[in-house]
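# Summary of the model geometry
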Amino acid sequence: MTAVEIAAAVRSGQQSARTVVDEYLGAVAEGDADIRAFNLVTEGQARARADAIDSAVAAGRDPGPLAGVPVALKDNMCTRGVPTTCSSRILEGWAPPYDATVVERLHAAGAVIVGKTNMDEFAMGSSTENSAFGPTRNPCDTSRVPGGSSGGSAAAVAAGFAPVALGSDTGGSIRQPAALCGVVGVKPTYGLVSRYGLVAFASSLDQIGPFTTTVADSATVLDVISGPDHRDSTSIGESQPSVSATLDNGVDGLRVGVLAELSGDGIAPDVAARVQAAASALESAGARVAKASAPSAVYGLSAYYLIAPAEASSNLARYDGVRYGLRVDGDSTPDMNTATRSAGFGDEVKRRIMIGTYALSAGYYDAYYGKAQKVRTLIINDFASVWEEFDLLVSPTSPTTAFSLGERTADPMAMYMSDVCTVPVNLTGQAAMSVPFGVGDDGLPVGVQILAPALGEPVMFRAAAVLEASR
């Protein structure tokens, strides 16, 4: 059953939330030893929550649009009293004293949180291999990665452990694993979903969004978790129209561009073929399809891997062994700080902290971080020009299908190239999502990325629904 179907059955009394939750928890118990999607399964709390929902239904109250729907959370979203690790040793033993805004909104909508999912440490990675808890495997082929950094959430949905999961997307960390695992993944417009309670990686880029098996489920979840939040200063201050309300309006007359800079060199031929097939499907449904160009997008990866590490080096300075998490004693406070951070952070996090600190250092700020921000502005301006001609864009989500575990861990640049199609949208703050659209030559899923201007989610989801129906 889809999330929408589960909620309808629970709200009507046709099925109990407890039965639904027990079914999914059973699937986790049976299959997660092979996948390792979860860092923590909250069985007791989930069952208690399901019983409360069933009691509300019995009393004639409507629990909400996600009544009884099990949801898995990426382990960088604060959950009161429940360990939140970011898959890092440095947060060992820390349980937040509050819930993230998205968690509050899920609860208010009747959802049931079933656990915290594995991820690349502090969301830094593209394969979910940079985790203190070990790698997650792709349910489509357990010798392959699920993508990252939200690989645990994507794998949980793909494996049938939960119909919905939330992830965070800083440079593609929802869309890329969604593509590799064959599920729907949405990166909303920056500020549409509150970041309050999301453990920060790069604050000007991070955004929370859903993983689901269907476009309609993602639309429902996005309607639930989006909206203004006074606790997040970057939150968009006005409520936006429902995405679900226009889901079936089709694409007749829409102007769709195939983005040249994200569809050429470096894209595997089988992936490129699926993108062209998706463009043809949209054209057959009434859209006007043409080539589009945002020339500065080719510099997106270079700008991102200066801006994101710079923001990370600042955000991660708070993990010092004093306030929370891991503490390794030393002869002095600086010695303790150094010992704690050396033991608590993994290699990729250390690499990015060093890159970011260097980029921000005296004498190099203008040459690196400052120049990267100028490139970011060029990309924003190029996309602004594109949106004058097109309503939507399409591209690959990932340059390839899922690669083998360990294949790219020794080559950071090869790993970073996994994000080449996704990072431009994080730099611009606009909306994008990945929709599964067939398989590659190896039989593994291919995701097509749909890009929209800021707050263009209603139109973006209309195109996603057409692709879903035509695949």
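Check the entry above for the structure.
A short tour of the structure in this document, coming up. The structure displayed is predicted, hence computed values, not measured ones.

Reading the values: the criteria
Residues numbered from 1 in each chain as written. Predicted model: local features only at pLDDT ≥ 70, side-chain atom pairs only at ≥ 80, totals over all residues. Heavy atoms only, no water. Helix = DSSP H or I, 4+ residues; strand = E, 2+ residues; numbered from the N terminus. Contact = heavy atoms within 4.5 Å. Areas by Shrake-Rupley, 256 points an atom, 1.4 Å probe, with all protein chains shown as cover. Lys, Arg positive; Asp, Glu negative; His and termini not counted. Charge placed at Lys NZ, Arg CZ, Asp CG, Glu CD. Buried < 20%, exposed > 50% of the residue type's maximum accessible area, 1.4 Å probe, protein only. Axes fitted to C-alpha atoms, helices over the stretch in contact; angles between N-to-C directions. Parallel < 35°, antiparallel > 145°, perpendicular 65-115°, else oblique. Nonpolar A, V, L, I, M, F, W, Y, C, P; charged D, E, K, R; others polar.

### What to know about the overall build of the protein chain
Within the protein chain one finds 15 helices and eleven strands. Counting only C-alpha atoms and orienting by the principal axes, one finds that the protein chain spans roughly 65 × 55 × 45 Å. Expressed as a percentage of contacts within the protein chain between residues at least 6 apart in sequence, the contacts between residues at least 24 apart total 76%. Surface exposure of the protein chain reaches about 16900 Å², of which carbon and sulfur atoms provide 51%. If you average the places of the 34 positive and of the 50 negative side-chain charges in the protein chain, the two averages end up 4 Å apart.

### Here we look at the environment of T42
As for its placement among the helices and strands, T42 is situated in the loop between strand 1 (38-41) and helix 3 (43-58). Note on T42: relative accessible area 7%, which makes it buried. On a C-alpha basis, the gap between T42 and V82 in space is 8.5 Å, while along the polypeptide they are 40 residues apart. Setting aside anything within four residues of it in sequence, one finds T42 in contact with V82, I113, V114 and G115.

### Points about the packing of helix 8 (residues 269-284) against helix 15 (residues 457-470)
The geometry of helix 8 relative to helix 15 is characterised by a closest axis approach of 10 Å and an angle of 105 degrees between their N-to-C directions. Of the possible angle classes, the one that applies to helix 8 and helix 15 is roughly perpendicular. For the pair helix 8 and helix 15, the contacting residues are A278, A281 and L282 in the first and A463, V466, L467 and S470 in the second. In terms of residue class, the contact of helix 8 with helix 15 is built from six nonpolar, one polar and no charged.

### What about the environment of Q15?
If you trace the backbone, Q15 turns up in the loop between helix 1 (3-12) and helix 2 (17-35). When neighbours within four sequence positions are excluded, Q15 is seen to be in contact with M1, A9, V10 and V20.

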